[in-house]
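The residues making up each chain are set out below.
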Amino acid sequence: MSSAEQHEEPSPGGLPFDSVFSTVTHGWQFDRKVDGACGPTDKDAVRLIWLKNIGRDGVIAEADPENDEWRTDAPERLLLRAGDILLSSVVSGRPKAALVKEADLPAVAVRSLFILRPIHRLSTEHYRLILAFLRSDTVGALAVGGFQQHLRRAQLSELQLPKEDPALAAALSDLAAAGQRLGEMAAEAGALAESAFDRSASQEEVRRLVITTGQLTRLRSLAAAQLDDPSFIIRTRYPYPIALRWRNVEAQRSAEGEADAQSKEYEAVLKAAETLLGYSALVTTALAHEAGITCKAIKAFKGKIATGKGGGPGFGDWQRILQQIGSADGISALPPEHPLHEFADLLADDEAEVACKSLGTKRNSRAHWREDLPAVSASKLKEARDGLRYLLTRARFLADLQLLDVSNVAWDHHQQSETVSFRRLMGDHNVVPTETMRYAGLKRIGEILYLSDRDHGLHPLSPFLTCEKCANCAALSLFYADKEDGTLLQTSLEHGHFYPYVADERALGALRTVGLR
């Protein structure tokens, strides 16, 4: 292998700078004494892009006929191409970096900018990561000089650029979009306040106008403020079984002062904790089965259902699945964005383990009547509530992993994709509108329950978790396979209703396939 080939070999931490960019040149240092200035509509006019034309958000400002400069004598070798990256060579704080697009052309960058030309066209996601890196303090710290600091070409060559990572790029894109929306809202509110007295109107008319016109802005602000409340996030963004159980906790807490209020809230907290662990463990088991991964706790859970020995699964079984999956063979080979990693991290923390153990002990004591009922001390209730809140906080990733109940699938032969009708079971209510989406994944979709990850990949949860109307209360509920006295049952995560497993031979065959029968 040649020394050049060795240089281009990606390192474990990233990509060598020169393996991504073929040329890095300074912008044009033009001579104002040479007659080349022209107008934007003149033949062969080329716009000059200065450092001031690049925003901190990485956007090149639109051409301004009144304030920008155009010339006809720009060297052809410095003419920009779509896909080039402009990086500030003069640095004040963080560097500026922007992607050149077709709409920015024809143009040439001036001397205070580097022109970075990729060897191959990069994907949109990879561009986003590289631009974010070039605008970071890591790159800014390389600048040297006194009053005016500069980046040097040799320093850039030593950089390790981020590798392509679609999940990270998508997260950065979502963050940028959220920031843009919030900025637009702030600008709208500011413009309304500043223009309040721009018209000849009485103070009463101005007040009425501001109240009426600003109502949507105020409502947006109130809605955004609620997202700082963890309880609001759990009630509205967590999967339905967990959100509903949390709503019950809050409802019991609001009944403070009523007889036996503390005992009822205590019981609601313990049920919410078991539902959180049960849901997480069942989804973990489904994801592990899909990935061909298992562990001792998953095998034990399947054995309980298949044989009926030891009864159905409980708090301890859910806890052991979540504790063991992180060390299961094969999990390290999964892509870093695979949701199984986040479930493996849920209890991978000393405080989480303590909270889980404490809640499990309380739950078992309650279930087996090993405590004085109905009295529950305030300290015991607080300890249980704090433990639940901590686990729910660690489980915030669940808000991004959408629970989808697919009700209909239609294959479109011409589009080579499926039109999927589904209900998004997120938040504390199960009556939700039916939505549709196009899906063109490698696997065909069935009318079952799915977990949608951050990249919109769909992971089947059936038959570990199924969704149907409860035979006891007619509410749409999530069920898992359970067993008692040798009878195969299905038990609801939301309210604990259970009855003999109702399934045709095909569904029972699915249980056998995954080892639950």
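Residues numbered from 1 in each chain as written. Predicted model: local features only at pLDDT ≥ 70, side-chain atom pairs only at ≥ 80, totals over all residues. Heavy atoms only, no water.

1. As for the pattern of salt bridges
Our working definition: A pairing counts as a salt bridge when a side-chain nitrogen of Lys or Arg comes within 4 Å of a carboxyl oxygen of Asp or Glu. Strands are runs of DSSP state E lasting at least 2 residues, helices are runs of H or I lasting at least 4, and numbering of each runs from the N terminus. Each residue's exposure class comes from its accessible area (1.4 Å probe, protein chains only) as a fraction of the maximum for that residue type: buried when under 20%, exposed when over 50%, partly exposed otherwise.
Tallied over the entire structure, the rule returns 20 salt bridges. Note that E418 and R444 form a salt bridge whose closest N and O atoms lie 2.6 Å from each other. Taken together, the residues E418 in strand β14 (residues 417–424) and R444 in the loop between β15 (434–439) and β16 (449–452) connect sequence positions 26 residues apart. A relative accessible area of 56% means that R444 is categorised as exposed. Among the charged side chains, a salt-bridge network with shared partners connects K304, D317 and R320.

2. Some details on the environment of V432
Under the convention used in this document: In this analysis, two residues are considered to be in contact whenever any of their non-hydrogen atoms come within 4.5 Å of each other.
Mapping V432 onto the fold places it in the loop between β14 and β15. The class for V432 is partly exposed, based on a relative accessible area of 22%. Residues V432 and F422, spaced ten residues apart in sequence, show a C-alpha to C-alpha distance of 9.8 Å. Once you skip the residues sitting within four places of it in the chain, V432 turns out to touch R423, R424 and L425.

3. A closer look at the sheet that holds strand β19 (residues 476–484)
Rules: Here, strands pair whenever DSSP counts at least two bridges between them. Helix axes are fitted to C-alpha atoms over the stretch in contact, other axes to C-alpha atoms as well, and angles between N-to-C directions run from 0 to 180 degrees.
Strand order in the open sheet made by the four strands is β18-β19-β20-β21, with antiparallel pairing throughout. Each edge of the open sheet carries a strand with a single partner, namely β18 (466–469) and β21 (498–500). Neighbour-to-neighbour, the strand axes of the sheet open up by a mean angle of 45°, direction not taken into account. In terms of strand pairing, β19 meets strand β20 (residues 487–492) through six bridges, oriented antiparallel. Bridging from a neighbouring strand, F479 pairs with S492 of β20.

4. Details of helix α16 (residues 505–514)
Taken together, the buried positions of α16 are occupied by L508, G509, L511 and V514. Buried residues belonging to α16 abut α10 (261–291), α11 (296–307), β19 and β20. Downstream of α16 by a residue or two, G515 has a phi angle that is positive, lying close to 90°.

5. Some words on the sheet that holds strand β9 (residues 107–109)
Backbone hydrogen bonds are what pair the strands of a sheet, in a parallel or an antiparallel way. Strand order across the open sheet formed by four strands is β3-β5-β4-β9, with mixed pairing between neighbours. At either margin of the open sheet sits one strand with a lone partner, and together these are β3 (37–38) and β9. Two elements, β3 and strand β5 (residues 70–71), share two bridges in a ladder whose sense is antiparallel. Across the sheet, A37 pairs through a bridge with R71, a residue of β5.

6. Some details on the nonpolar core
Convention followed: Only buried residues count toward a nonpolar core. Its members are Ala, Val, Leu, Ile, Met, Phe, Trp, Tyr and Cys residues joined through side-chain atoms within 4.5 Å.
Counting 78 residues, the largest nonpolar core has Y279, I325, L465 and L478 as its most contacted members. Looking at which element gives the most residues to this core, the answer is α10, with 15 residues. Sequence-distant contacts of Y279, that is, excluding residues within four places in its chain, are made with P239, P241, I242, L398, L403, L451, L465, L478 and L493. Counting 24 residues, the second largest nonpolar core, distinct from the first, contains I130, L131, A143 and L159.

7. Focus on the pairing of β14
Pairing of strand β13 (residues 402–412) with β14 involves eight bridges; the strand directions are antiparallel. Note on β14: the bridge partner recorded for L404 is R424. If you look at the hairpin formed by β13 and β14, you'll find four residues sitting between the two strands, and Q416 has a positive phi there, around 55°. For β14 and β15, the ladder comprises six bridges, and the chain directions are antiparallel. Following the sheet pairing, V420 is matched in β15 by M437.

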